[in-house]
Amino acid sequence: MSGAQPTTMSMGAGLSSHADAVTAAEQASDLALQTLGDGPDPDLALAFVSAHHAGLMGAIGDVLHRRLSPRTLLAVSAEAVIGGRTELEGRPGVSLLAGRLPGATVRPFTSEDVGAIPDEEDPGLGERIAKAIGAEPDLAGIILFADPFSVPLVKLLPALSSMCRETLGLKRAPIIGGMASAGSSPGVNGLVVNKRLSRTGAIGVVIRGDVSLDTVVSQGCKPFGPRLVITGAKHNVILSLGGRSALQALHDAVESLSPEDRTLLEKGVFIGRVINEYKERFGRGDYLIRNVLGVDQNQGALAVSDLVRVGQTVRFHLRDSVTADEDLKLLLSAQALRGEAMGAMLVTCNTRGTRLFDRPNHDAEALSDALRVEPEATSTGEAGEASVASTPIAGFFGAGEIGPVGSDVFLHGHTACAAVFRPGRRPELDD
């Protein structure tokens, strides 16, 4: 493609379920170009490749470069991919989101660029990372994909969060993405950044300038029992809550459940940790949800998938399909207030889809419905002839989802995370 520089943002998406990897990449590229329209080469292309094609990630990257000539390409392998309103569970697929982002700067990076994150506190770490990956105060967002077997996100994500807040002066860390999920062992996943293929590490892209990347993180849980303060803790083990053993506090909370909700205990118990202790009220989105991994009957303690400390406020949670549906739709309803979306990326957990919901395509359809463009009214006040337009959407099922809760970014599970592209910088990112 060629032509004058565009003056407005435009995005396109394509999805192919063809069994041949090269053909699928060609079809997805052609469909993305059709919805993108005429103009110069896209500034950014994000490709998602199902496990069926993970062994041919290099060839797929070559096809995408030949068809699209994107200035920056990121591709990640996944258990399943998403395109538009469709979630291709258990089927081969290549999904693609491509966009022209006038007024924005797009720069790719890898975990090698970031370098090693020291265990001890390093006052200059944020500045070093920002310089290495090209992040500046006009940061709109960072998209990050990682191999789950080779990247210590427990260090990388806090470092990136600190960089956003302390080095760049942003109120929150606009970082979103997910973990590759094509393989259950090291060396199976594929990550492509431009023309480079890797089976390990992390890749990402820094997006700066005149563009907004609005994030949605739906953890899909509902609380039960009272809010409790941790009064005894060691590492990831909660010893006591409100002066009682943690196990006793859990038993008391379970007693408050209805018979219907008690059946949900079979799906596991979760604990929500309040992110901002200074708030007077805690509602949906104020808790970081983590698994309860096990119990110690002798100590009456609970092991959780997070580091905890005395003084933190927590509450027990349950997860089910009804709550997950309500939570996602409630969070997405706010997107209608932010103006027209040009495109979106969706990363949903591989425990969702038909593993959680009683029908396919749940998360993709919810996002598509929330971002749909209604036809404009005519001068007579009647609906125009144009049909409802679909916002370009692409994404994948991850082995973990990356997204912000409060001011920091975390690795989640069982979550649906979306990044919504809009023109113009979102001022609330700044102090």
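Now for a look at the structure at hand. Sequence order as written defines the numbering, with residues in each chain counted from 1. pLDDT decides what is reported in this predicted model: residues at 70 or higher carry local features, side-chain atom pairs at 80 or more are listed and counted, and totals for whole chains, interfaces and linings draw on all residues regardless. Water and hydrogen atoms play no part in the side-chain values, which are based on all heavy atoms of the structure.

## Things to note about the overall build of the chain
Here comes step 1: For helices the rule is a DSSP run of H or I covering at least 4 residues; for strands it is a run of E covering at least 2, with both sets numbered from the N terminus onward. A count of helical and extended segments in the chain gives nine helices and 25 strands.
Here comes step 2: When we talk radius of gyration, it's over C-alpha atoms, and the globule rule is simply 2.2 Å times the number of residues to the 0.38. For 431 residues, the compact-globule estimate of 2.2 N^0.38 gives 22 Å, and the C-alpha radius of gyration of the chain, at 22 Å, lies within 12% of that figure.
Here comes step 3: Overall, the C-alpha framework of the chain stretches about 70 × 55 × 45 Å when taken along its three principal axes.
Here comes step 4: Counting over 431 residues, the chain shows a buried share of 53%.
Here comes step 5: Contacts: residue pairs with any heavy atoms within 4.5 Å of one another. Once local pairs closer than 6 in sequence are excluded, the contacts in the chain between residues at least 24 apart make up 80%. Working definition: with a 1.4 Å probe on protein chains only, accessible area under 20% of the residue-type maximum means buried, over 50% means exposed, and in between means partly exposed.

## A word on the nonpolar core
Here comes step 1: The biggest cluster of nonpolar side chains holds 39 residues, and the ones touching the most others in it are Leu46, Phe48, Ile143, Phe145, Ile207, Met345 and Phe421.
Here comes step 2: With residues near it in sequence (within four places) discarded, methionine 345 still touches Leu46, Phe48, Leu97, Ile143, Phe145, Ile176, Gly177, Ala394, Cys417, Ala418 and Ala419.
Here comes step 3: By nonpolar core we mean a set of buried residues, namely Ala, Val, Leu, Ile, Met, Phe, Trp, Tyr and Cys, connected to one another through side-chain atoms within 4.5 Å. Ranked by size, the runner-up nonpolar core spans 29 residues in total, among them Leu157, Ile175, Val206 and Val409.

## Regarding unusual backbone geometry
Here comes step 1: Phi at serine 69 takes a positive value of approximately 50°, unusual for a residue other than glycine.
Here comes step 2: Relative to the helices and strands, serine 69 is located in the loop between helix H2 (57-68) and strand S3 (73-78).
Here comes step 3: In this structure, asparagine 194 takes a positive phi of about 55° despite not being glycine.
Here comes step 4: Its location among the elements puts asparagine 194 in the loop between strand S10 (191-193) and strand S11 (196-198).
Here comes step 5: Exposure remark for asparagine 194: the relative accessible area of 23% places this residue in the partly exposed category.

## Digging into the packing of helix H8 (residues 321-333) against helix H9 (residues 362-371)
Here comes step 1: Axis definition: a line fitted to C-alpha atoms, over the contacting stretch in the case of helices. Angles run 0 to 180 degrees between N-to-C directions. Contact geometry for H8 and H9: axes closest at 10 Å, N-to-C directions at 25°. By the angle between their axes, H8 is roughly parallel relative to H9. Crossing of H8 over H9 shows right-handed handedness. Here H8 contributes Asp325, Leu328 and Leu332 to the contact with H9, which in turn contributes His362, Asp363, Ala366, Leu367 and Ala370.
Here comes step 2: Under the grouping applied here, Gly and all other residues not named as nonpolar or charged are polar, the nonpolar ones being Ala, Val, Leu, Ile, Met, Phe, Trp, Tyr, Cys and Pro and the charged ones Asp, Glu, Lys and Arg. Taken together, the residues that form the contact of H8 with H9 break down as five nonpolar, one polar and two charged. Put simply, angles under 35 degrees are roughly parallel, angles over 145 are roughly antiparallel, angles from 65 to 115 are roughly perpendicular, and the rest are oblique. The crossing is said to be left-handed when, going from far helix to near helix, the turn is anticlockwise and less than a right angle, and right-handed when the turn is clockwise.

## Observations regarding the pattern of salt bridges
Here comes step 1: Salt bridge, as used here: a side-chain nitrogen of Lys or Arg that lies within 4 Å of a carboxyl oxygen of Asp or Glu. By the definition in use, this model includes 19 salt bridges.
Here comes step 2: The salt bridge involving aspartate 43 is made with arginine 71; its shortest N-O contact spans 3.3 Å. Of this pair, aspartate 43 sits in the loop between helix H1 (21-36) and strand S2 (44-50) while arginine 71 sits in the loop between H2 and S3; the two residues are 28 residues apart in sequence, bridging distant segments of the chain.
Here comes step 3: The buried category is assigned to aspartate 43, whose relative accessible area is 16%.
Here comes step 4: A relative accessible area of 44% places arginine 71 in the partly exposed class.
Here comes step 5: Three or more residues are tied together by salt bridges with common partners; here these are Glu136, Asp138 and Arg208.

## Let's talk about the sheet that holds S11
Here comes step 1: Pairing is mixed in the open sheet, where six strands are placed in the order S1-S6-S2-S3-S10-S11. Every other strand in the sheet has two partners, leaving strand S1 (10-16) and S11 as the edge strands with one partner each. Direction aside, neighbouring strands of the sheet carry axes that sit 10° apart on average.
Here comes step 2: In this description, strands pair whenever DSSP reports at least two bridges between them. Direction of pairing for S2 relative to strand S6 (residues 94-100): antiparallel, over a ladder of six bridges. Within S6, the residue paired with leucine 44 across the bridge is glycine 99.
Here comes step 3: Packing of H1 onto the sheet brings it into contact with S1 and S6, and relative to S1 it is tilted by some 150°.
Here comes step 4: The sheet contacts of H2 involve S2, S3, S6, S10 and S11, and relative to S3 the element is tilted by about 145°.

## Quick look at the sheet that holds strand S22 (residues 393-398)
Here comes step 1: What the six strands build is an open sheet, ordered S5-S4-S22-S21-S25-S13; its pairing is mixed. The open sheet has two edge strands with one neighbour each: strand S5 (86-88) and strand S13 (211-218). Between one strand axis and the next, the sheet turns through 15° on average, direction left out of account.
Here comes step 2: Pairing between strand S21 (residues 343-349) and S22: six bridges, direction parallel. Across the sheet, residue threonine 348 finds its bridge partner in S22, namely phenylalanine 397.

## A look at H8
Here comes step 1: Helix span is expected to be 1.5 Å times the residue number reduced by one. Relative to the 18 Å expected for 13 residues at 1.5 Å per residue, H8 spans 18 Å between its end C-alpha atoms, a close match to the ideal helical length.
Here comes step 2: Of the positions making up H8, those classed as buried are Thr323, Ala324, Asp325, Asp327, Leu328 and Leu332.
Here comes step 3: Tucked into the core, H8 has its buried residues touching S13, strand S14 (221-234), H9 and strand S25 (416-423).

## Here we look at the environment of serine 69
Here comes step 1: A relative accessible area of 33% places serine 69 in the partly exposed class.
Here comes step 2: Remark: the alpha-carbon pair of serine 69 and leucine 44, spanning 25 residues in sequence, is separated by 9.6 Å.
Here comes step 3: In contact with serine 69, not counting residues within four places along its chain, are Asp41, Pro42 and Leu64.

## Focus on the packing of aromatic side chains
Here comes step 1: Pairs were defined over the aromatic rings of Phe, Tyr and Trp, the Trp ring being its six-membered one, requiring ring centres within 6.5 Å. Orientation was assigned from the angle between planes: stacked under 30 degrees, edge-to-face over 60, tilted for the rest. In this structure the tally under the stated criterion is four aromatic pairs.
Here comes step 2: Taking 5.7 Å as the distance between ring centres and 80° as the angle between the ring planes, the aromatic pair formed by phenylalanine 145 and phenylalanine 396 counts as edge-to-face. Of the two residues, phenylalanine 145 is situated in strand S8 (residues 139-146) and phenylalanine 396 in strand S22; the sequence distance between them amounts to 251 residues. With respect to burial, phenylalanine 145 and phenylalanine 396 carry one shared label: buried.
Here comes step 3: Of the aromatic side chains, those joined through ring pairs into one cluster are Phe48, Phe145 and Phe396.
Here comes step 4: The ring of phenylalanine 270 has arginine 319 sitting right over it, with the charged end atom 4.4 Å from the ring centre. Both a distance and an angle decide whether a charge sits over a ring: NZ of Lys or CZ of Arg must be within 6 Å of the ring centre and within 35 degrees of the ring normal.

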